[in-house]
Amino acid sequence: MLVAGFFKSFVILNNKYRQKQITKKRGKLKHLGLMLCLLPNLVFAQKEDIIVFHNTENLFFPMDDSLTMDDDFTSEGKKHWTFKRYNKKLNDLAKTYIAIDENYMPSLIGLCEIENDKVLNALSLSTSLRKVGYKYIHYPSKDIRGIDVALLYNPQRFKVTEHYVLPNVSDKQMDRTRDVLYVKGELGKIMLNLYIVHAPSRRENNAKKRLRGQIFAQIYAHIQELYARGESNFLIMGDFNDNPWDNTVKQNLHLKDSNSSIKLIDLMQDNKNKTGSYFFGGSYLSFDQFVISSNLKERIVYGNNFTSTHIFKPDFLVEKDPYSKLDKPFSTYKGMIYQGGISDHYPIILKLLTE
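Just so it is clear, the model here is predicted, and its values are computed rather than measured. (Residues numbered from 1 in each chain as written. Predicted model: local features only at pLDDT ≥ 70, side-chain atom pairs only at ≥ 80, totals over all residues. Heavy atoms only, no water.)

Undergrad: Help me understand the overall build of the chain, please; the structure alone is not making it clear to me.
TA: Counting secondary structure elements, the chain contains six helices and 15 strands. For the chain, the proportion of its 355 residues judged to be buried stands at 49%. Put simply, of all contacts in the chain between residues at least 6 apart along the chain, 70% involve residues at least 24 apart. With an accessible surface of roughly 18,800 Å², the chain has 55% of that area assigned to carbon and sulfur atoms. (Helix = DSSP H or I, 4+ residues; strand = E, 2+ residues; numbered from the N terminus. Buried < 20%, exposed > 50% of the residue type's maximum accessible area, 1.4 Å probe, protein only. Contact = heavy atoms within 4.5 Å. Areas by Shrake-Rupley, 256 points an atom, 1.4 Å probe, with all protein chains shown as cover.)

Shown next, in the form of structure tokens:
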């Protein structure tokens, strides 16, 4: 009798537990079903768009291209750039862009130091970014290392109307460098003229300083031409290899020119001696920049990860260096040594009200 009574009590309690779990699951499914029903309305109601620029630090496909100097970044090369390391980097980049905002994925992702269409296809189609359905725009440049700029865009949020690269400012073989990519399209409900740039580096005692200035002047002249035709919304994003307060940027983009027909604002100009997206020689540099036409300033949205620095640096992008007081980007390589980080540059981010 005692055993039978115990067994009966056990059955009753077990049935109650199972019924409770079934009710809980039904509640979750009902909630999920409601969210799925609301999803089209949530997408339709989107009024803000996220824009990202990121220097990816040598995103090479691990096979040799005989036309460029990419030998180091192959499986047999000096840096032993294997497919395992390559795929890890692709997935880490996708993780980075997903982590920027809890509500929306970036609508536009400007990239530099990408080798070719193969890496863009892999990034957009073979990682978790594939769920967004990103398209990309890329032109092979004459850069001697074979690294280019590109744009990933969500076609649901950005309707491309035109794109091309600006003509090279120099025909000299020694001045071979990355193209400036120009893209025009409708972001939400605003028509945007977008420039993606990766200016020549400061190597060889800053020998390409003059060339960088010519490239910035060319972009400004192009903006003036479009402004004269009635265009009003402009955004330059890229790795300038100069700071906003350097004369190459300040003078050639007319950032302090009160007589300029179109007023441009560098969103990184207040980061001096505070922070930066790149770290070199023991200090921050603000090489990665957003420059906008002044009329877009009132559309900037701040909050959560979107701060006045416009730099995104969650913990997983920061190198754990006990000897440094500054947060350094966790790079893929340190010299010739592979350390498995994502990039030696932090991404820069911008959120705009576009409806």
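Undergrad: Any chance you could explain the packing of aromatic side chains here in plain terms?
TA: Describing an aromatic ring pair means giving the distance of the ring centres and the angle of the ring planes. Tallied over the full model, the rule gives 14 aromatic pairs. Judged by centre distance (5.2 Å) and plane angle (35°), the ring pair of phenylalanine 216 and phenylalanine 240 falls under tilted. Taken as a pair, phenylalanine 216 in helix α5 (residues 209–228) and phenylalanine 240 in the loop between β8 (234–239) and α6 (247–252) lie far apart in primary sequence, 24 residues in all. Each of the two residues, phenylalanine 216 as well as phenylalanine 240, counts as buried. Taking 5.9 Å as the distance between ring centres and 80° as the angle between the ring planes, the aromatic pair formed by phenylalanine 279 and tyrosine 284 counts as edge-to-face. By the burial criterion, phenylalanine 279 is buried, and tyrosine 284 matches it. (Phe/Tyr/Trp six-rings, centres within 6.5 Å; stacked < 30°, edge-to-face > 60°.)

Undergrad: In this structure, what is going on with the layout of surface pockets? I would like to understand it.
TA: Rolled over the atoms, a probe sized like a water molecule indicates the empty space that remains. For the largest pocket, the calculated volume is near 1,300 Å³. Listing elements by their share of the lining of the largest pocket, those giving two or more residues are β1 (48–59), α4 (203–206), β10 (278–280) and β13 (333–334). In terms of residue class, the lining of the largest pocket is made up of eleven nonpolar, ten polar and 16 charged. (1 Å grid on protein atoms, 1.4 Å probe; cavity = no way out; pocket = protein on both sides within 12 Å on 5 of 7 lines; lining within 4 Å. Points joined across faces, edges and corners; volume = space filled by probe spheres on them. Nonpolar A, V, L, I, M, F, W, Y, C, P; charged D, E, K, R; others polar.)

Undergrad: Is there a simple way to explain the nonpolar core in this structure?
TA: If you look at soluble globular proteins, the nonpolar side chains tend to sit buried side by side. Judged by nonpolar contacts, the single largest core of 62 residues is most densely connected at Ile51, Leu108, Leu151 and Phe290. For leucine 108, the contacting residues outside a window of four places in its chain are Ile50, Ile51, Val52, Leu151, Leu152, Tyr153, Phe158, Leu187, Leu192 and Leu194. If you look at the next biggest cluster of nonpolar residues, it comprises 22 residues, including Val197, Phe234, Val249 and Val291. (Core = buried A, V, L, I, M, F, W, Y, C linked by side-chain atoms within 4.5 Å.)

Undergrad: Whenever I open this one, the packing of helix α2 (residues 83–98) against helix α3 (residues 117–125) confuses me. Can you help?
TA: Geometry of a packed helix pair, given as the angle between the helix axes and the separation of the axes. The interhelical angle for the contact between α2 and α3, taken along N-to-C directions, is 55°, at an axis separation of 9 Å. By the criterion of interaxial angle, the relationship of α2 to α3 is oblique. For the crossing formed where α2 meets α3, the hand is right-handed. Contacts from Tyr86, Leu90, Leu93 and Ala94 in α2 reach Lys118, Val119, Ala122 and Leu123 in α3. (Axes fitted to C-alpha atoms, helices over the stretch in contact; angles between N-to-C directions. Parallel < 35°, antiparallel > 145°, perpendicular 65-115°, else oblique. Left-handed = near helix turned anticlockwise from the far one by under 90°.)

Undergrad: So what exactly am I meant to see when it comes to the environment of aspartate 270 here?
TA: Assignment of secondary structure puts aspartate 270 in the loop between β9 (264–266) and β10. With 38 residues separating them along the chain, aspartate 270 and serine 308 place their C-alpha atoms 8.6 Å apart.

Undergrad: Even after reading the chapter, I still don't get the pattern of salt bridges, so can you show me in this structure?
TA: When their charged atoms lie close together, side chains carrying opposite charge are able to pair. Taken as a whole and judged by the stated rule, the model has 14 salt bridges. Put simply, lysine 351 and glutamate 48 hold a salt bridge, and the shortest N to O gap is 3.7 Å. Of this pair, lysine 351 sits in strand β15 (residues 348–353) while glutamate 48 is found in strand β1, placing the two residues 303 residues apart along the sequence. By relative accessible area, which is 9% here, lysine 351 ends up buried. For glutamate 48, a relative accessible area of 22% gives the class partly exposed. (Salt bridge = Lys/Arg side-chain N within 4 Å of Asp/Glu carboxyl O.)

Undergrad: Help me understand a negative patch on the surface in this model?
TA: Where like charges cluster on the molecular surface, the negative patch consists of Asp64, Asp71, Asp72 and Glu76. Tracing the sequence through the fold places aspartate 64 in the loop between β1 and α2. (Patch = residues over 30% accessible without salt bridge, like charges linked within 9 Å, V, L, I, M, F, W, Y side chains within 5 Å. Lys, Arg positive; Asp, Glu negative; His and termini not counted. Charge placed at Lys NZ, Arg CZ, Asp CG, Glu CD.)

Undergrad: Would you mind showing me how to read α2 here?
TA: Side chains that are three or four residues apart share a direction in an α-helix, a result of its 3.6 residues per turn. Under the 1.5 Å per step criterion, the end-to-end length of α2 is 23 Å for 16 residues, consistent within 8% with the ideal 22 Å. Taken together, the buried positions of α2 are Tyr86, Lys89, Leu90, Asp92, Leu93, Ala94, Thr96 and Tyr97. Buried residues belonging to α2 abut β1, β2 (108–114) and α3. (Expected span 1.5 Å × (residues − 1).)

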